[in-house]
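Structural description and commentary
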Amino acid sequence: MKTNYFLCALMCIMSFGKIKAADLYVRDLGAGGAYATISEAITAANDGDRIIIRPKTGNIPYLENLTINKSLTFASEINFNKYYVQGTISIVPAVNRVVTINNMYAFQSSIATSSVTLSGGRATVNIINCTVDQNIDLDNSKNVTANVSQSNCANLYFVHGKITANTIETVKLTDDAAPLATTDVQIIANSLYYNGASLNSIAITTTSYPLKIYNNDCTIYYLNYTTILPVLEISSIKTGSTNLIFNNRFSSNHNDPSYARHTINISASSTGIINISNNIIRSPNPSYYEINASSAPTVIANNNLCPANPFNSSGVDISNNNFYDSAYSINLSTGTATGAVVNAGLPDEEYQDLDLTRNDIGPLGGSNSWMNYWPNNAGNKPRVMFLNTPRRVYQGTTTIQAEATGISK
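Cut-offs used in this document
Residues numbered from 1 in each chain as written. Predicted model: local features only at pLDDT ≥ 70, side-chain atom pairs only at ≥ 80, totals over all residues. Heavy atoms only, no water. Pairing = 2+ DSSP bridges. Helix = DSSP H or I, 4+ residues; strand = E, 2+ residues; numbered from the N terminus. Core = buried A, V, L, I, M, F, W, Y, C linked by side-chain atoms within 4.5 Å. Buried < 20%, exposed > 50% of the residue type's maximum accessible area, 1.4 Å probe, protein only. Contact = heavy atoms within 4.5 Å. Phe/Tyr/Trp six-rings, centres within 6.5 Å; stacked < 30°, edge-to-face > 60°. Lys NZ or Arg CZ within 6 Å of the ring centre and 35° of its normal. Polar contact = N/O pair within 3.5 Å; in protein donor to acceptor, adjacent residues only side chain to side chain. Salt bridge = Lys/Arg side-chain N within 4 Å of Asp/Glu carboxyl O.

1. Quick word on the pairing of strand S6 (residues 83-86)
- Bridge count between strand S3 (residues 62-63) and S6: 2 bridges; the pairing is parallel. When the sheet's bridge partners are listed, Tyr62 is paired in S6 with Val85.
- As defined by bridge partners, S6 adjoins strand S9 (residues 104-106) across 3 bridges and the pair is classed as parallel. Bridging from a neighbouring strand, Tyr83 pairs with Met104 of S9.

See below:
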């Protein structure tokens, strides 16, 4: 009997030691006994809690500065309706801290990590279905994994993670503190459009992780600017890594082609492989290269379409089946492609389209097709926002490793 009493007491102690995650509500003026401000709810919350925020009438913003220093999830009380916040929004990274922000409109504001030093682990920041009038700045601390999906912002800065189905002006990847993360960086199916000067659509400066850049639509449209930069700039890569740049559209446009520059510029000084295949690459001036590469990495360019001029490159080590043809169209809204891009990509089954036909060139082609991610709202319904499965299943394989991430609110 003594043993039974002891076990009962131990189970009670263990159950009291586990604090169940709670939902904390925020409503205008504290209606219905809720918190009146988001900051009050953060102060009262414990790690793992959800803070559920009711949008104010007329999209009036919550006027407050937020410091998020716990593992918390932020969501809208009204499904898929955004709550507006105007003020400084700062996420404080810590080892094993996970912060998820859903359906926030950062009105005239940015979302940024504070500058701290992490040792022995990583923090994770998830930003999903948010609109940020200024920047999403998640590279102030190393060892932070950023998963940003279905969001809008001006510039996005990060050091590791997955960037999928966002509308952004520019993306910049900078160095992290590897090897505390073992996965590669994935930039997939983003709409990147910039009308200005002195910025790239995608700028890569990392020696920490291999890259997968798939199915993005990247356009820099310079109207009357003379300071022109490449659409994709790769300044450094991880030594010995294999980096894949597949099924994108990289387009540099200018009303005066004499100001054009190389569309893809690779100045990395480390050895490794950069495979550039099945892309639409446009430079308006034949005097500049679709791909300009330094001598250190091995650069492979296969089955890329150049719609403005014949394919022109420098520093490419292996080049096959790159061609010029302006007779094509792709409609990213309807998911339709016609003309020269259809069935013109690498013929290997590993790169097949979703209907198992030969790879189409551009964002609609391949298993990471643009249509997996767009429309990113999907009629205000739950959806999978990232799916990673093997590109090839071999005979005799008994298990298939798959990774998926989804959102329901």
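2. A look at the pairing of strand S21 (residues 211-214)
- Across 4 bridges, the pairing between strand S18 (residues 185-188) and S21 is parallel. Note on S21: the bridge partner recorded for Ile188 is Tyr214.
- As paired elements, S21 and strand S24 (residues 241-246) share 3 bridges and run parallel to each other. Bridged to Tyr214 within S24 is Phe246.

3. Topic: unusual backbone geometry
- We note that Asn59 has phi near 60 degrees; this positive angle belongs to a residue other than glycine.
- Tracing the chain through its elements places Asn59 in the loop between strand S2 (50-53) and S3.
- Look at Asn143: it is not a glycine, yet its phi comes out positive at around 60 degrees.
- Relative to the elements of secondary structure, Asn143 occurs in the loop between strand S13 (136-137) and strand S14 (144-149).

4. Things to note about the nonpolar core
- One finds Phe74, Ile101, Ile266 and Ile291 to be the most contacted residues of the largest nonpolar core, which totals 71 residues.
- Excluding residues within four positions of it along the chain, Ile101 makes contact with Ile68, Phe74, Tyr83, Ile91, Ile111, Asn126, Ile127, Ile128 and Cys130.
- Among the nonpolar cores identified, the runner-up in size contains 20 residues, and Ala189, Phe246, Ile330 and Trp374 belong to it.

5. Some thoughts on the packing of aromatic side chains
- Within this structure, the stated rule accounts for 6 aromatic pairs.
- Taken together, a centroid distance of 6.2 Å and an interplanar angle of 50 degrees make the contact between Tyr105 and Phe107 tilted.
- Three or more aromatic residues joined by ring pairs make a cluster, and in this case those are Tyr84, Tyr105 and Phe107.
- Here Lys56 stacks its cationic end above the ring of Tyr62, 4.4 Å away from the centre of that ring.

6. A look at the side chain of Asn309
- Relative to the assigned elements, Asn309 resides in the loop between strand S31 (305-306) and strand S32 (313-314).
- On the basis of relative accessibility, which here comes to 11%, the residue Asn309 falls in the buried class.
- Here the side chain of Asn309 touches Ser283 through a polar contact of 2.6 Å, landing on its backbone oxygen.
- Those residues in contact with Asn309 that lie beyond four places of it in its chain are Ser283, Pro284, Asn285, Pro286 and Tyr324.

7. Concerning the pattern of salt bridges
- If you walk through the whole model with that rule in mind, you get 7 salt bridges.
- With its nearest N and O atoms 2.9 Å apart, the salt bridge here joins Arg27 to Glu77. One end of the pair, Arg27, is in the loop between strand S1 (23-26) and helix H2 (38-44); the other, Glu77, is in the loop between strand S5 (73-76) and S6, and 50 residues separate them in sequence.
- With its nearest N and O atoms 3.8 Å apart, the salt bridge here joins Arg54 to Glu77.

8. Considering the environment of Leu66
- By secondary structure assignment, the location of Leu66 is in strand S4 (residues 66-68).
- In sequence terms Leu66 and Ile111 are 45 residues apart; their C-alpha atoms lie 9.7 Å from each other.
- Discounting chain neighbours no more than four positions away, the residues touching Leu66 are Ile38, Ser39, Ile42, Val85, Thr88, Ile89, Ser90 and Met104.

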